[in-house]
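# Summary of structural features
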Amino acid sequence: MAERGGERGGFGRGFGRGDRGDRGGRGDRGRGDRRGGRRGAKRDEEEKWVPVTKLGRLVKEGKIKSLEQIYLFSLPIKEHQIVEFFLGSALKDEVMKIMPVQKQTRAGQRTRFKAFVVVGDNNGHVGLGVKCSKEVATAIRGAIILAKLSVIPVRRGYWGNKIGKPHTVPCKVTGKCGSVTVRLVPAPRGSGIVAARVPKKVLQFAGIEDVFTSSRGSTKTLGNFVKATFECLLKTYGFLTPDLWRETRFSKSPFQEFTDFLAKPHKISVVEDVEKTPVY
Amino acid sequence: MADDRNSAVHLSAEVFAMSLGDDSEREDFELGSDGVEEDVEDDSDDEELMVTLGFVQAVEEPWKMARQHFPCKIGGTPAWLDPINIPEGDNTQCGICDNPLGFLMQVYAPIGIDDVGYREEVFHRSLFLFVCPNMACLQQDQHHQLKKSPERPCRSVKVFRSQLPRTNRFYDYDPPSRDSSPATEAVPVCTWCGAWKATSVCGGCKQARYCSRVHQLAHWRGGHDSFCRVVQAELASNKQESELKFVQNPENSTTDAVRTMVQGVITRVTDTLLKSGIANAISDKIWPEVELIVGEEEDSMPSDAINTSRNPQQLLQDYEIRRENNGEEFTATDMEDVEESSREQQNWAAFQARLAGAPDQVLRYCRAQGAKPLWPSLEGQPKQSDITPCFNCGGPRIFEFQLLPQLLYFLQVQNETDNDSLDWATIAVYSCAASCNKSDSTCEGYVEEFAWVQLAVS
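Per chain, residues are indexed from 1 in the order of the written sequence. Labels are handed out in written order, letters beginning with A for the chains and numbers beginning with 1 for the ligands. Since the coordinates come from a predicted model, pLDDT governs what is reported: local features require at least 70, and pairs of side-chain atoms require 80 or more to be given and counted, while whole-chain, interface and lining totals use all residues. Heavy atoms throughout the structure, all of them, feed into the side-chain values; hydrogens and water do not.

## Some points on the overall build of chain A
Put simply, the rule reads: Strands are runs of DSSP state E lasting at least 2 residues, helices are runs of H or I lasting at least 4, and numbering of each runs from the N terminus. A simple rule labels every residue: compare its accessible area, found with a 1.4 Å probe on the protein chains alone, to the largest value its type can have, and call it buried under 20%, exposed over 50%, or partly exposed in between. Any two residues whose heavy atoms approach within 4.5 Å at even a single point are treated as in contact. Note that accessible areas follow from Shrake-Rupley with a 1.4 Å probe, and for residues the cover is restricted to the protein chains shown.
Within chain A, the regular secondary structure consists of nine helices and eight strands. Relative to its 280 residues, chain A shows a buried fraction of 48%. Restricting the contact set of chain A to residue pairs at least 6 apart, pairs at least 24 apart contribute 54%. Accessible surface, chain A as shown: approximately 14,900 Å² in total, 52% of it carbon and sulfur.

In structure tokens:
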């Protein structure tokens, strides 16, 4: 009879300082190769995702069909894997800028790096993320995640004839944030994106090819210029154009959708017949 | 900053070179506090405390779930450490709906010699966590956990702690072998839930025992009504044989005798193996049983868990190449417009980053002076005054472990509606710092501890 526990606390495995020695046989169900770097296939990564929020669990189970369903009900997306799940490899990312930010401390200056990353699939989804961190790689990593969390849907339309793919905004939209107002105006093909540098990048990643922009307010000092652009893009879906005149059929929120079968009282399942047991 | 552009260009070359090749943490000789800046995430981790993680694993060897092997498990029935003095009465019920609580998980957590509250005579120590499966109760519970009135608040989440010295009347002095059974028998538990002490017996067959009327009703409707009548009939007809059998070994004979007698009954017949240290439950409402494995938190080199993005290093290189070819695309003044995320979002991002090293962890254990739980959300955190002192000895409580929402995923909690399914952000358990005994003389019995629930913000 091997004496596993010491005089101090407990037998075998347990939490606290009891004893972690038994982990060797059990605990390393593949955990050992964690340090070996991630060379696994993409599928392997996706399976590794363990959702933390309710929306994440619904997505993982497959109860939600598309990202648009989530946007429709304005549910906050808190896990970037949700966005990856739907958009997958179409999502491209790019570092816009790495900016060292300094703070004066008693012992000199403390430099951290601020990373700006834009992600988009050139097909109606774009997001922008900002992260500040002591190391560049950490900042970039964090910014990518934040960018994915802020992905918005962008609607595109035509300037004139409806031939080919939509290439510009469907109508004139304006977005306001603070004192800055940004106005996006449809442009004919070949005009390109006529905008300031940062919004231009954002619009490129959204998949808009031609657009005229005009801005008002103190875009230089008060900032939030990009936020105004985002507001604009969001509004593209809010505008009622003739092709949307057909009546909307309201669908149920993902959280509500599966309530129907639970309409019966749910306290104790009355099993009179084995066949009658609700199977779900 | 006046020379922003210059300094940016000037510094970047060397600083990039430094940071690219070197993964080590830079020492920050900063004397000022970080509270001035909006630094929700602390890159310089002053967390020297080691956190032990818990992972879910399917039960490979069922004998290990018996109480004499001191298991750490989730779901199923509790393997009570002290099998006689199980909590009873109000302690077993949800403070809000008065239904019996469901067993969620237990940990075997003895205290080491370097830890807070270490005592020679405390050798075994376990904590048991119970939750009311009704989400409405959990939402009401939020108000109750804030109450600081002297009498105990009505909670829907309850934690019980039990501890024993090495020489005790329930277990052997030495570690048990595989086939051993516990030294003493346990008190009979409810046949429906397998968790609480059975206070009443079914009037018809006298076999099934229950902890409460609710469970008796549930079992009756869940198939016991037909079974009970059959047993009664058999009892009446085979009076001599069956009576003898039942009197001698009420538990063991249930399977054999009944199986032969009752052939066509569609009921799950589970015998309460009280003698082997494992209790069985018939209810299908209890959570599936899985084992809880102990693991260590690695210094996460998480990273590259982002499958669709390229490596940050690659992105950085692309950026550098673009800068060299085309010059600086965006100035700092351009970028001033882009605002950072709110504090709540940053806190959430930090929480996720911390989990990234081991995304399937379900429990974080760290019982030490100054240990703090990892909060997913900024609001709903308890202040020091919210943690009530120990009910038993009046001493302070310290953080012991917390449960993470990944557990809900592993338990396959139904996510259909937003009101009925359980959902929380984290449950943090605080236990008596001195790990006091229930009474002065013996260590037996269970002390109730404090659980703080943080719900998900939607």
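Having put the structure on the table, let's press on.
## Here's the deal with the overall build of chain B
Within chain B one finds nine helices and twelve strands. Among the 458 residues that make up chain B, the fraction classed as buried is 52%. Of the roughly 21,000 Å² of accessible surface on chain B, 50% is carried by carbon and sulfur atoms.

## Description of the sheet that holds strand β7 (residues 193-194) of chain A
Residue and element names in this part refer to chain A. Worth spelling out the cut-off: In this scheme, strands are said to pair when DSSP sees at least two bridges between them. Lines fitted to C-alpha atoms define the axes, with helix axes restricted to the stretch in contact, and inter-axis angles between N-to-C directions lie between 0 and 180 degrees.
Here four strands make up an open sheet; going across it, the order is β5-β6-β8-β7 and the pairing mixed. Two strands bound the open sheet, and with one partner strand each, they are β5 (173-177) and β7. On top of the sheet, helix α8 (residues 225-235) reaches β5, β6 (180-186) and β8 (211-216); it is set at about 140 degrees to β5, its chief contact.

## Let's talk about the domain arrangement of chain A
Residues and elements named next belong to chain A. Stated formally: Here the bounds of each domain stem from an automatic or database domain assignment. The buried area of a pairing is the accessible area, by a 1.4 Å probe, that goes missing from both parts when the two are put together, added over both.
Looking at chain A, the domain boundaries give domain 1 (54-153) and domain 2 (173-235). Each of domain 1 and domain 2 was reduced to a C-alpha centroid, and the two centroids are 20 Å apart. Between domain 1 and domain 2, the residue contacts involve 17 residues of the former and eleven residues of the latter. Taken over both partners, the interface formed by domain 1 and domain 2 buries close to 1,000 Å², and the fraction arising from carbon and sulfur atoms is 75%.

## Observations concerning the UniProt feature "domain: S5 DRBM" (unreviewed entry) in chain A
Selection criterion: UniProt positions are given in the numbering used here, feature names are shortened, and annotations may be inferred rather than shown by experiment.
Mapped onto this numbering, the UniProt entry gives "domain: S5 DRBM" (unreviewed entry) at residues 91-154 of chain A. What you have in residues 91-154 of chain A is 22% helix and 59% strand, and the ends, taken at the C-alpha atoms, are 14 Å apart.

## Re the pattern of salt bridges
In plain terms, the rule: Criterion for a salt bridge: a side-chain nitrogen of Lys or Arg within 4 Å of a carboxyl oxygen of Asp or Glu.
All chains considered together, the criterion is met by 15 salt bridges over all chains. Between A:Lys201 and A:Glu94 there is a salt bridge, and its shortest N-O distance comes to 2.4 Å. Of this pair, A:Lys201 sits in helix α7 (residues 197-206) while A:Glu94 is found in strand β1 (residues 92-105), placing the two residues 107 residues apart along the sequence. Measuring nitrogen to oxygen at the nearest pair gives 4.0 Å for the salt bridge that ties B:Asp386 to B:Lys383. Given the relative accessible area of 54%, B:Lys383 is considered exposed. Several salt bridges converge on common partners, so that one network encompasses A:Glu94, A:Lys201 and B:Arg322.

## A few points about the packing of aromatic side chains
Stated formally: Each Phe, Tyr or Trp ring, with Trp reduced to its six-membered ring, pairs with another whose centre is within 6.5 Å; inter-plane angles below 30 degrees give stacked pairs, above 60 give edge-to-face pairs, and intermediate values give tilted ones. Two conditions define a charge located above a ring, namely a distance within 6 Å from the ring centre to NZ of Lys or CZ of Arg, and an angle within 35 degrees of the ring normal.
Per the counting criterion, the structure on display carries 19 aromatic pairs over all chains. On the numbers, 5.3 Å between centres and 90 degrees between planes, the contact of A:Phe85 with A:Phe86 is edge-to-face. By relative accessible area, A:Phe85 is classed as partly exposed at 35%. One aromatic cluster is present, built from ring pairs that chain together B:Trp80, B:Phe103, B:Phe128, B:Phe130, B:Phe160, B:Trp196 and B:Tyr446. A cation sits over an aromatic face here: B:Arg166 above B:Tyr173, 4.1 Å from the ring centre. Geometry around B:Phe391 places B:Arg397 over its ring, the cationic atom sitting 4.7 Å from the centre.

## A closer look at helix α8 (residues 343-355) of chain B
Residues and elements named next belong to chain B. This is how it is decided: Under the convention used throughout, the expected extent of a helix is 1.5 Å for every residue step, that is, one less than its residue count.
With 13 residues, α8 should cover 18 Å at 1.5 Å per step; its first-to-last C-alpha distance of 18 Å lies within 8% of that length. All of the buried residues in α8 are Gln346, Asn347, Trp348, Ala350, Phe351, Gln352 and Leu355. Looking at the buried residues of α8, the elements they touch are β9 (361-365) and α9 (406-410).

## Comments concerning the UniProt feature "domain: MYND-type" (unreviewed entry) in chain B
Under the present numbering, the feature "domain: MYND-type" (unreviewed entry) in UniProt falls on residues 190-228 of chain B. Regarding residues 190-228 of chain B, the helix share stands at 41% and the strand share at 10%, and the terminal C-alpha atoms are separated by 16 Å.

## A look at helix α2 (residues 135-144) of chain B
All names here are of chain B. To be explicit about the condition: Each C-beta atom gives one direction from the helix axis, and the arc is the one those directions make.
Along α2, the positions that sit buried rather than exposed are Met135, Cys137, Leu138, Asp141 and His144. Along α2, the residues classed as buried sweep out an arc of 145 degrees about the axis, all on the same side. The secondary structure elements touched by the buried residues of α2 are β5 (157-164) and β12 (447-454).

## Digging into the packing of helix α5 (residues 80-87) of chain A against helix α6 (residues 136-149) of chain A
In a pair of packed helices, the angle between the axes and the distance between the axes together describe the arrangement. Residue and element names in this part refer to chain A. Note the cut-off: With respect to orientation, any angle under 35 degrees is reported as roughly parallel, any angle over 145 as roughly antiparallel, any angle of 65 to 115 as roughly perpendicular, and every other angle as oblique. Two helices that cross are described as forming a left-handed crossing if the nearer one is turned anticlockwise from the farther one by less than a right angle, and a right-handed crossing if clockwise. When residues are grouped by polarity, Ala, Val, Leu, Ile, Met, Phe, Trp, Tyr, Cys and Pro land in nonpolar, Asp, Glu, Lys and Arg in charged, and all others, Gly among them, in polar.
Contact geometry for α5 and α6: axes closest at 8 Å, N-to-C directions at 70 degrees. Taken as axis vectors, α5 and α6 run roughly perpendicular relative to one another. Crossing geometry of α5 relative to α6 is assigned as left-handed. Of the residues in α6, those touching α5 at His80, Val83 and Glu84 are Ile145, Lys148 and Leu149. Grouping the constituent residues of the contact of α5 with α6 by class yields three nonpolar, one polar and two charged.

## Remarks on the pairing of β12(B)
All names here are of chain B. Of all the eight residues making up β12, eight are buried; the element is thus mostly covered by neighbouring parts of the structure. Alternating residues of β12 divide into Val447, Glu449, Ala451 and Val453 and Glu448, Phe450, Trp452 and Gln454, and every residue in both groups is buried. Sheet topology places β5 next to β12; three bridges connect them, and they run antiparallel. The residue bridging Val159 from the neighbouring strand is Glu449, located in β12. Bridging between strand β11 (residues 426-432) and β12 involves five bridges; their strand directions are antiparallel. Looking at β12, one finds that Tyr430 is bridged to Phe450.

## Section: the side chain of B:Glu400
Residue and element names in this part refer to chain B. This is how it is decided: Polar contact criterion, stated in full: a pair of N or O atoms within 3.5 Å, where within protein one must be able to donate a hydrogen and the other to accept it, and residues adjacent in sequence count only if both atoms are side-chain atoms.
Within the secondary structure, Glu400 sits in strand β10 (residues 397-403). A polar atom in the side chain of Glu400 sits 2.9 Å from the side chain of Arg125. Setting aside anything within four residues of it in sequence, one finds Glu400 in contact with Ala109, Arg125, Leu127, Arg364, Tyr365, Cys366, Arg367, Val429, Tyr430 and Ser431.

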